[in-house]
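Residues per chain, in single letters:
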Amino acid sequence: MKTCHQFDTVRAEYEREIGFMLAHSRRHAGRPAAKSSAKQAASTKQRMARALSSHVGRCLECG
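This one's a predicted model, so the numbers in the text were calculated from it and none came from an experiment.

Caption draft 1: Focus on the side chain of S25. Residue placement: S25 occurs in helix α1 (residues 5-27). Classification of S25 as buried rests on a relative accessible area of 14%. A distance of 3.1 Å separates a polar side-chain atom of S25 from the backbone oxygen of A34. If we ignore the near neighbours within four places in the chain, the residues touching S25 are A34, S37 and A38.

Pasting the structure below:
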(Lines give C-alpha, C1' and ligand atoms only; values in the text may rest on other atoms or scores of the structure.)
Protein backbone atom coordinates (compact mmCIF):
# COMPACT_ATOMS: atom_id res chain seq x y z
CA MET A 1 0.00 0.00 0.00
CA LYS A 2 1.37 3.38 -1.04
CA THR A 3 1.07 6.06 1.63
CA CYS A 4 1.62 9.80 1.66
CA HIS A 5 4.18 11.81 3.57
CA GLN A 6 1.68 12.87 6.23
CA PHE A 7 0.74 9.24 6.94
CA ASP A 8 4.42 8.35 7.39
CA THR A 9 4.97 11.36 9.65
CA VAL A 10 1.99 10.59 11.89
CA ARG A 11 2.99 6.94 12.11
CA ALA A 12 6.59 7.80 12.99
CA GLU A 13 5.48 10.18 15.76
CA TYR A 14 3.19 7.58 17.32
CA GLU A 15 5.83 4.83 17.07
CA ARG A 16 8.42 7.11 18.68
CA GLU A 17 6.07 7.88 21.56
CA ILE A 18 5.22 4.19 22.00
CA GLY A 19 8.92 3.34 22.00
CA PHE A 20 9.59 5.84 24.77
CA MET A 21 6.78 4.42 26.90
CA LEU A 22 7.89 0.82 26.41
CA ALA A 23 11.51 1.70 27.20
CA HIS A 24 10.36 3.45 30.38
CA SER A 25 8.32 0.38 31.28
CA ARG A 26 11.34 -1.90 30.84
CA ARG A 27 13.63 0.42 32.81
CA HIS A 28 11.26 0.52 35.77
CA ALA A 29 10.12 -3.12 35.72
CA GLY A 30 8.31 -4.19 38.86
CA ARG A 31 7.19 -0.68 39.80
CA PRO A 32 3.77 0.91 39.40
CA ALA A 33 5.24 3.39 36.91
CA ALA A 34 6.17 0.51 34.60
CA LYS A 35 2.64 -0.87 34.61
CA SER A 36 1.17 2.56 33.94
CA SER A 37 3.59 3.20 31.08
CA ALA A 38 2.82 -0.18 29.50
CA LYS A 39 -0.92 0.55 29.66
CA GLN A 40 -0.36 3.96 28.08
CA ALA A 41 1.66 2.35 25.29
CA ALA A 42 -1.16 -0.08 24.56
CA SER A 43 -3.76 2.69 24.43
CA THR A 44 -1.46 4.78 22.23
CA LYS A 45 -1.22 1.87 19.79
CA GLN A 46 -5.01 1.84 19.58
CA ARG A 47 -5.10 5.62 19.04
CA MET A 48 -2.46 5.28 16.31
CA ALA A 49 -4.52 2.63 14.53
CA ARG A 50 -7.63 4.78 14.73
CA ALA A 51 -5.81 7.90 13.51
CA LEU A 52 -4.15 6.14 10.59
CA SER A 53 -7.35 4.38 9.60
CA SER A 54 -9.28 7.64 9.50
CA HIS A 55 -6.41 9.27 7.60
CA VAL A 56 -6.56 6.60 4.90
CA GLY A 57 -10.30 7.11 4.63
CA ARG A 58 -9.91 10.85 4.04
CA CYS A 59 -6.64 11.10 2.11
CA LEU A 60 -6.83 11.04 -1.69
CA GLU A 61 -3.24 9.81 -2.05
CA CYS A 62 -3.49 6.96 0.49
CA GLY A 63 -7.04 5.79 -0.14
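Caption draft 2: Structural view of the state of the cysteines. A complete count under the given rule lists 0 disulfides for this structure. Free cysteine C59: the closest other cysteine sulfur is in C4, separated by 3.8 Å. Of all cysteine sulfurs, the one in C4 lies closest to C62, which takes part in no disulfide; the gap is 3.5 Å.

Caption draft 3: Representation of helix α2 (residues 32-58) in the model. An ideal rise of 1.5 Å per residue puts 39 Å on 27 residues; α2 measures up with 39 Å between its terminal C-alpha atoms. Taken together, the buried positions of α2 are occupied by A34, S37, A41, T44, M48, L52 and H55.

Caption draft 4: Spotlight on the side chain of T44. Residue placement: T44 occurs in helix α2. Of the residues examined, T44 reaches a relative accessible area of 2% and is grouped as buried. If we skip the residues at most four places from it in the chain, T44 touches Y14, E17, I18 and M21.

Caption draft 5: Seen up close, the packing of α1 against α2. The geometry of α1 relative to α2 is characterised by a closest axis approach of 8 Å and an angle of 170° between their N-to-C directions. In this view, α1 runs roughly antiparallel relative to α2, as classed from their interaxial angle. A breakdown of the residues in the contact of α1 with α2 according to their chemical character gives 14 nonpolar, 7 polar and 5 charged.

Calculation notes
- Residues numbered from 1 in each chain as written.
- Predicted model: local features only at pLDDT ≥ 70, side-chain atom pairs only at ≥ 80, totals over all residues.
- Heavy atoms only, no water.
- Helix = DSSP H or I, 4+ residues; strand = E, 2+ residues; numbered from the N terminus.
- Buried < 20%, exposed > 50% of the residue type's maximum accessible area, 1.4 Å probe, protein only.
- Polar contact = N/O pair within 3.5 Å; in protein donor to acceptor, adjacent residues only side chain to side chain.
- Contact = heavy atoms within 4.5 Å.
- Disulfide = S-S within 2.5 Å.
- Expected span 1.5 Å × (residues − 1).
- Axes fitted to C-alpha atoms, helices over the stretch in contact; angles between N-to-C directions.
- Parallel < 35°, antiparallel > 145°, perpendicular 65-115°, else oblique.
- Nonpolar A, V, L, I, M, F, W, Y, C, P; charged D, E, K, R; others polar.

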